[in-house]
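Structural characterization, general
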Amino acid sequence: MNLASLQAAENKLLLNTYERSPYLFVSGKGVYLRDENGIHFLDLLSGIGVCALGYGHPAIEQAIAHQSARLLHTSNLFFHEGTANLALRLTEMSGLDRVFFCNSGTEAWEAALKLARANATKAREEGKKIGTKFLALEHSFHGRTMGSVATTHKEKYRLPFAPVMPDVEFVRFNDVSDMRAKFSDDVCGICIEPVQGEGGIHPVSQEFFTAARELCDSTGALLLADEIQSGFGRTGKWFAYQHYGILPDVTTLAKPIAGGIPMGAMLCTEKASAAFTPGLHGTTFGGGPLACAVAIAVIDTMQRENMLAHIEEVGNFFRSELESLKQRYDCITEVRGLGLMLGVELNSADLAKQIAAQMMERRIIINRTSETVLRFLPPYILEREHVEITIAALDELLKANAEYAGAAPDGEKVHG
Ligand SMILES: Cc1ncc(COP(=O)(O)O)c(C=O)c1O
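**Looking at the packing of helix 4 (residues 82-94) against helix 11 (residues 289-304)**
It is at 9 Å that the axes of helix 4 and helix 11 come closest, and there the two elements cross at 40 degrees. It follows from the interaxial angle that helix 4 and helix 11 lie oblique. Remark: the crossing between helix 4 and helix 11 carries left-handed chirality. Across from G82, T83, N85, L86, R89, L90 and M93 in helix 4, the residues of helix 11 making contact are C292, A295, I296, I299, D300 and Q303. Classifying every residue of the contact of helix 4 with helix 11 gives 7 nonpolar, 4 polar and 2 charged.

**A word on the sheet that holds strand 12 (residues 264-268)**
Strand order in the open sheet formed by 7 strands is 4-12-11-10-7-5-6, and the pairing between neighbours is mixed. At either end of the open sheet lies a strand with only one pairing partner, and these are strand 4 (98-102) and strand 6 (168-171). Across this sheet, the average inter-strand angle for adjacent strands is 20 degrees, counted without regard to direction. Bridge count for strand 5 (residues 133-137) against strand 6 is 4 bridges, and the pairing is parallel. In the strand pairing of strand 6, F134 is matched with V168. Each of strand 4, strand 11 (250-253) and strand 12 is contacted by helix 4, which is oriented at about 120 degrees to strand 4, the strand it contacts most. The strands touched by helix 5 (residues 105-125) within the sheet are strand 4, strand 5, strand 7 (187-192), strand 10 (222-226), strand 11 and strand 12, with strand 10 carrying the most contacts at an inclination of about 180 degrees.

**Describing the site of the ligand**
Near the ligand, the surroundings consist of S104, G105, T106, F141, H142, G143, E193, E198, D226, I228, Q229 and K255. With respect to the ligand, the backbone of G105 contributes an N or O atom lying 2.8 Å from an oxygen atom. Contact between the ligand and D226: a nitrogen atom at 2.7 Å from a side-chain N or O atom of the residue. In terms of residue class, the shell around the ligand is made up of 2 nonpolar, 6 polar and 4 charged.

**Things to note about helix 4**
Given a rise of 1.5 Å per residue, 13 residues ought to cover 18 Å, and the 18 Å separating the end C-alpha atoms of helix 4 matches this to within 8%. The complete set of buried residues in helix 4 reads G82, L86, A87, R89, L90, T91, M93 and S94. In this structure, the buried side of helix 4 is in contact with strand 4, strand 11, strand 12 and helix 11.

**Thoughts on helix 3 (residues 58-70)**
The end-to-end C-alpha distance of helix 3, which contains 13 residues, comes to 18 Å, matching closely the 18 Å that a straight helix rising 1.5 Å per residue would cover. For helix 3, the full list of buried residues reads A59, I60, A63 and Q67. Seen end-on, helix 3 carries its buried residues on one side only, within an arc spanning 95 degrees. In this structure, helix 3 carries Q62 and A69 as exposed residues pointing more than 90 degrees from its buried face. Buried residues in helix 3 make contact with helix 11.

**A short note on the packing of aromatic side chains**
Throughout the structure, instances matching the rule amount to 8 aromatic pairs. Pairing F25 with F41 gives two aromatic rings, centres 5.1 Å apart and planes at 85 degrees, and the pair type is edge-to-face. Residue F25 is located in strand 1 (residues 25-29), and its partner F41 is located in strand 3 (residues 40-43); the two are separated by 16 residues in the primary sequence. The class for F25 is partly exposed, based on a relative accessible area of 29%. Note on F41: relative accessible area 3%, which makes it buried.

About the thresholds
- Residues numbered from 1 in each chain as written.
- Predicted model: local features only at pLDDT ≥ 70, side-chain atom pairs only at ≥ 80, totals over all residues.
- Heavy atoms only, no water.
- Axes fitted to C-alpha atoms, helices over the stretch in contact; angles between N-to-C directions.
- Helix = DSSP H or I, 4+ residues; strand = E, 2+ residues; numbered from the N terminus.
- Parallel < 35°, antiparallel > 145°, perpendicular 65-115°, else oblique.
- Left-handed = near helix turned anticlockwise from the far one by under 90°.
- Contact = heavy atoms within 4.5 Å.
- Nonpolar A, V, L, I, M, F, W, Y, C, P; charged D, E, K, R; others polar.
- Pairing = 2+ DSSP bridges.
- Near = heavy atom within 4 Å.
- Polar contact = N/O pair within 3.5 Å; in protein donor to acceptor, adjacent residues only side chain to side chain.
- Expected span 1.5 Å × (residues − 1).
- Buried < 20%, exposed > 50% of the residue type's maximum accessible area, 1.4 Å probe, protein only.
- Arc of directions from axis to C-beta.
- Phe/Tyr/Trp six-rings, centres within 6.5 Å; stacked < 30°, edge-to-face > 60°.

See the structure below:
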């Protein structure tokens, strides 16, 4: 089937949940995807932060081949070799004590929410005063299932499904006094993405994160850090909260853990873990042999190749190149992010849409989030040469757009 016949078939057969761009990819190698016509695209989105080792990585291919020949699934009623091995690696990386495995980001976040509620129920049974309310942040995104979507700020995602999970209040982003005003012993958990992803690449402030930790400590509420987009090396540390020197009670991972095989994980402290007892939570596929084997191969590769340092180095270079574009183009209002999780805020949603589309026409995949933000979530194996290609293309497009808007001549600051 070619692109046109696939489009026609999908229009008829699939639920209308995605506006796909008209490209049909058939294979990939390294940081490049190849379409049906053999054209290569430089991919700075990595399947929305999933394909951390890029495409066709031999370590992933070998892990899949090896594990699929041995054992794909047994269920969580029995043991297999992968779960404890992977849990050991994740607990060492995170500073947390225990892991629950699942299959996606939203499922990991649901587990975190349920753990916070179960923890509060247990505390009440022990005579403590703690309620059922969650504080979540404005512009947050935690997923699409009923609990996750209830803690997701955008009304467009939430309201059509009302009533979603009750007892969620939104706090203004990085506004410590708003959080303090809304916090009480009614709260069972504070929900934070250390770097908001879908909300437009906004790192939480040190002051805000520290205050959230202190508030939770004062009552026994849990601090929940959603690292589904920012975690697993993306920001140059295994977890973005490690940039802040703060340990949450609970964190969630998904996207890149198993290099493209679906997997999610909820990690927590020993103390919080006591709220879950057998039967209270579960999932058929979670922590299956294939996903575990691939995740271990991804971690081994990242450690062997010292990839956190590489992410930091290439990320800093990328960021400084974006900053120098900002010096030259008025239409760039801010450059934000950590490591290889970067965002460029433009002063117009239309311009951001146009630039993302024009980059695609130039065979460079980026994405627009939160209307005005160009988002970069490239594979961790990105090199400086790929950054240079990207910056040159952005430079030309911003210049062309600025000139179209009737702006300054070459060499001067361009008012786009
Ligand atoms: C921070 C965050 N949490 C949760 C999710 C939901 O993950 P999934 O789409 O795997 O359910 C996402 C997805 O983009 C995310 O960025």
